[in-house]
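# Understanding the architecture of this molecule
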Amino acid sequence: MDWLNALIQGTLLGGLYALFAAGLSLIFGVMRLVNIAHGDLIVLAAYLGLVVTSAIGVHPILAMALVVPAMTLIGYALQRGLLNQTLGDDLLPPLLVTFGLSVILQNGLLEGFSADPQKLSAPGLETASVALGSISLGVLPLLTFGIAVAVIWGLQWTFYKTSLGRAFRAVSDNQDIAQLMGLNKRHIFGLAMALALAVTAVAGILLGLRTSFDPSSGGGRLIFGFEAVIIGGLGNLWGTLAGGVILGVAQTIGAKIDPGWQVLSGHIAFLVILAIRPQGLFPRMSG
Amino acid sequence: MPDPLLQMTGLDAHYGDFQALYGVGMVVREGEVLAIIGANGAGKTTLMRSVTGLITNDAGQIRFKGQDISGLRADQVAELGLAMVPEGRQLFPSLTVEENLLIGAQTGRKGPWTLEAVNALFPILKERRAVPATALSGGQQQMVAIGRALMSNPELILFDEISLGLAPIIIRDIYAALPGIIGEGMSAIIVEQDISKALSVSGRVYCLQEGRVSLEGASATISREDISRAYFGIE
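Residues numbered from 1 in each chain as written. Chains lettered and ligands numbered in written order. Predicted model: local features only at pLDDT ≥ 70, side-chain atom pairs only at ≥ 80, totals over all residues.

Across its full length, chain A holds 11 helices and 2 strands. With respect to the principal axes defined by its C-alpha atoms, chain A has extents near 60 × 45 × 35 Å. The buried share of chain A, taken over its 287 residues, is 51%. Taking the intrachain contacts of chain A between residues at least 6 apart in sequence as the baseline, contacts between residues at least 24 apart amount to 76%. (Helix = DSSP H or I, 4+ residues; strand = E, 2+ residues; numbered from the N terminus. Buried ≥ 20, exposed ≤ 12 C-beta atoms within 10 Å, placed from the backbone. Contact = placed C-beta atoms within 7 Å.)

Before going further, it helps to spend a moment on the packing of helix α3 (residues 60-81) of chain A against helix α8 (residues 185-210) of chain A. Residues and elements named next belong to chain A. Between α3 and α8, the shortest axis-to-axis distance is 7 Å and the interhelical angle comes to 145°. As α3 packs across α8, the resulting crossing turns out to be right-handed. Its residues placed into classes, the contact of α3 with α8 shows 20 nonpolar, 6 polar and 2 charged. (Axes fitted to C-alpha atoms, helices over the stretch in contact; angles between N-to-C directions. Left-handed = near helix turned anticlockwise from the far one by under 90°. Nonpolar A, V, L, I, M, F, W, Y, C, P; charged D, E, K, R; others polar.)

What follows concerns the pairing of strand β3 (residues 33-38) of chain B. Residues and elements named next belong to chain B. The element β3 is largely enclosed, with a buried count of 6 among its 6 residues. Note: β3 against strand β8 (residues 187-192), 5 bridges, orientation parallel. When the bridges of β8 are listed, A35 appears paired with I190. Looking at chain direction, β3 and strand β9 (residues 204-209) are connected through 5 bridges and run parallel. The partner of I37 across the bridge, within β9, is C207. (Pairing = 2+ DSSP bridges.)

In this complex, chain A contributes 15 residues to the contact, which on the side of chain B involves 22 residues. Counting only elements with at least two residues in the side of chain A that touches chain B, the list comes to α6 (163-173) and α7 (175-180) of chain A. The leading source of residues in the side of chain A that touches chain B is α6(A), at 5 residues. For the side of chain A that touches chain B, the residue count by class is 5 nonpolar, 6 polar and 4 charged.

What follows concerns unusual backbone geometry. All names here are of chain B. The backbone of K65 sits at a positive phi, close to 50°, despite the residue not being glycine. You can see K65 is positioned in the loop between β4 (62-64) and β5 (67-68). Positive phi, close to 50°, is recorded for E161, a residue that is not glycine. Structurally, E161 can be placed in the loop between β7 (156-160) and α7 (168-182).

Take the nonpolar core next. All names here are of chain A. If you look at the biggest cluster of nonpolar residues, it comprises 159 residues, and the most contacted ones within it are L19, A192 and I205. Considering each element in turn, this core owes the most residues, 17 residues, to α8. The contact partners of A192, leaving out residues within four places of it in the chain, are L26, I27, V30, M31 and F168. (Core = buried A, V, L, I, M, F, W, Y, C linked by C-beta atoms within 7 Å.)

Residue and element names in this part refer to chain B. When you tally the buried positions in β8, you get 6 out of 6 residues, the bulk of the element. Taking every second residue as pointing to the same face, both faces of β8 are buried, with S187, I189 and V191 on one and A188, I190 and E192 on the other. Pairing between β7 and β8: 5 bridges, direction parallel. Its bridge partner being in β8, L158 is matched across the sheet by I189.

For the rest of this paragraph, the subject is the packing of helix α1 (residues 2-31) of chain A against α8(A). All names here are of chain A. Running from amino to carboxyl end, α1 crosses α8 at an angle of 170°, the nearest separation of the two axes being 8 Å. If you check the angle between α1 and α8, you find them roughly antiparallel. α8 is crossed by α1, and the crossing has left-handed handedness. (Parallel < 35°, antiparallel > 145°, perpendicular 65-115°, else oblique.)

This part covers the environment of I177(A). By the element assignment, I177(A) lies in helix α7. Leaving out residues up to four positions away in the same chain, I177(A) has contacts with P86(B) and Q90(B).

The next subject is helix α5 (residues 139-161) of chain A. All names here are of chain A. The terminal C-alpha atoms of α5, which comprises 23 residues, lie 32 Å apart, in line with the 33 Å expected from a rise of 1.5 Å per residue. Among the residues of α5, L140, P141, T144, F145, A148, V151, I152, L155 and F159 are the ones counted as buried. Those residues of α5 that are buried are in contact with α1, β2 (135-138), α6, α8 and α10 (237-257). (Expected span 1.5 Å × (residues − 1).)

Turning next to the sheet that holds strand β10 (residues 212-218) of chain B. Residue and element names in this part refer to chain B. Strand order in this open sheet of 6 strands is β6-β7-β8-β3-β9-β10, and the pairing throughout is mixed. Unpaired on one side and paired on the other, β6 (82-85) and β10 mark the two borders of the sheet. Neighbouring strand axes in the sheet, compared pairwise and without regard to direction, differ in orientation by 20° on average. Examined bridge by bridge, β6 and β7 share 4 bridges and lie parallel to one another. Counterpart to L82 in the pairing with β7 is L156. Those strands touched by helix α6 (residues 138-150) are β6 and β7, and its axis lies near 175° from that of β6.

Here it is as structure tokens:
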């Protein structure tokens, strides 16, 4: 029963990892940009959540109503003002610039909030649980997983059923021809980053509710996000959710064997999948 | 006489470090079908990229409807009413047939061409609307590329090498359909290596040779000798 419990807890944890990964996957898919600052942007969102909750005293979940729009605007401005200038045939400039951005974000947060670990507090929600037979499920992990599924479904719907998603896919296929059709790729890239950071905002708040965070927490979140994307296969959002779940389950099962093995066993699962199926479990598909 | 629809004056353009066009001057009048012919490397593709805004040019070199478009981006040029059927069709592989057509309507320009109108012109596209565009045959893909350009209700439509890589019978069908497609109120530029096809549907023709206009004349009366001289540069 303990193993079943670990499996379920890992699955729920995977929802959070899928949220870390969804934004990464989206911007890589649309504009071939690998965002090294993604983890730090998640942590930035958690800090924004902290500011909002302590300033106006709302529940962290409600704080999303402010943090999500704020991160959306930051995303659009960041893309139009900085990252668009780095995009071209060479993959290296965006890597270097987002690496620099990561350093700036970490140090900015350190300056503003000190190195003390912080946490978003939601008394009641953090400890609430429902019993399922002999297994007890935390309400927060369940909520996180539910939100992750809803977000992935929403992204999938946006990609395949809306004119915005059509524009994303067209620009991803062929930037020149998309531009000929009247799509301004710089604007489309801005919208893609805005959407990615909206998802990041949700991920950051849920991260802050689940564990404590500090200005240097971003790197770890970035790795988990990358691993979930690669396990699932690039360009497939449901695959990203599956990747997050596999990573989460590997970690909780590792922790079950030995608490020190939690992170390591996630990395091992990632490496095994990368070795036997480098294209990921569910590579790009349409529809 | 009213302003020409499209006017190029002293157009210079570069392809990387290499200068591909030298002082090209051309005029397209309203309602006119113009052919541009020339050998490989004569500068036809660079000319198309300049006109559509994929390459920006120095101010004053290209005017469309009286407005200087030399420095505009391709999406801004498209919004003014200029569309292209690109060489090699270049459909979006992750979009279905219908989505490819809908992308063409992205500029939001109103006019006779709607999804229904394109489907009526090419009924096969309606039948196959949900399959990925690149799953179609070459001829059907060309229909999608033409329909996609029409969906923006352009005033000037550019056909870049539409016969390239297609079977002769398909090329014949497409050229037979062209006059009906171009129709009233629309002007067109047809860029072709197949000279007789280009002459058969156009009113006037320009020949490019090594980045310069080497010949200009009425398609109906221009002589074969003049064309081969202008095309190959043989005296």
